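# Remarks on the overall topology
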Amino acid sequence: MSLRDITARFSCDGCGARFEGYIDPAWRTCEVLPSVFDLAEDAIRGFGPGSVQADMHLCAACTRVADAIGDEEYLPTRDEIVAALARADRPERAP
Ligand SMILES: [Zn+2]
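Keep in mind that what you see is a predicted model, and the values were worked out from it rather than measured. (Residues numbered from 1 in each chain as written. Predicted model: local features only at pLDDT ≥ 70, side-chain atom pairs only at ≥ 80, totals over all residues. Heavy atoms only, no water.)

### Brief notes about the packing of aromatic side chains
This model, assessed by the stated rule, comprises 1 aromatic pair. Taking 5.6 Å as the distance between ring centres and 20° as the angle between the ring planes, the aromatic pair formed by Phe10 and Phe19 counts as stacked. Like Phe10, the residue Phe19 is buried in the burial classification. (Phe/Tyr/Trp six-rings, centres within 6.5 Å; stacked < 30°, edge-to-face > 60°. Buried < 20%, exposed > 50% of the residue type's maximum accessible area, 1.4 Å probe, protein only.)

### Digging into the coordination of the zinc ion
Around a metal, the perfect tetrahedron of four donors has angles of 109.5 degrees, and the perfect octahedron of six donors has angles of 90 or 180 degrees. Taken together, the protein donors to the zinc ion comprise Cys12 (SG), Cys15 (SG), Cys59 (SG) and Cys62 (SG), at separations of 2.3 to 2.4 Å. Taking the relative accessible area as the measure of exposure, Cys15 reaches 11% and is therefore buried. Judged by its relative accessible area of 0%, Cys62 is buried. (Donors = N, O, S within 2.8 Å, 3.2 Å for Na, K, Ca; no water.)

### A short note on the pairing of strand β2 (residues 18-23)
The alternating pattern of β2 places Phe19, Gly21 and Ile23 on a buried face, while none of Arg18, Glu20 and Tyr22, on the opposite face, is buried. In terms of strand pairing, strand β1 (residues 6-11) meets β2 through 6 bridges, oriented antiparallel. Bridged to Arg9 within β2 is Glu20. In this structure, the hairpin formed by β1 and β2 is closed by a connection of 6 residues, where Gly16 is found at a positive phi of approximately 90°. (Helix = DSSP H or I, 4+ residues; strand = E, 2+ residues; numbered from the N terminus. Pairing = 2+ DSSP bridges.)

Honestly, it's all geometry; don't read function into it.
Next up, the structure:
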């Protein structure tokens, strides 16, 4: 049996929603493996369902709010993201 994927589960730092990323098993062919935490964060970066911004793990909905801050190249601070999420019209926080 071949390993298909490894799931990394996160709670969004913006709204508390749970979301997942899938760790690519191709990493196992690397000579120097990143830590399991780095692999988990990589699973939600790029093509993942969310993002890591200002050390916050954000679901797709909160990522859209954070991405709308400033221009395309701007990297918002944690305070700016928290303020934007507080102003955003989003569904209730997850329990
Ligand atoms: Zn969220």
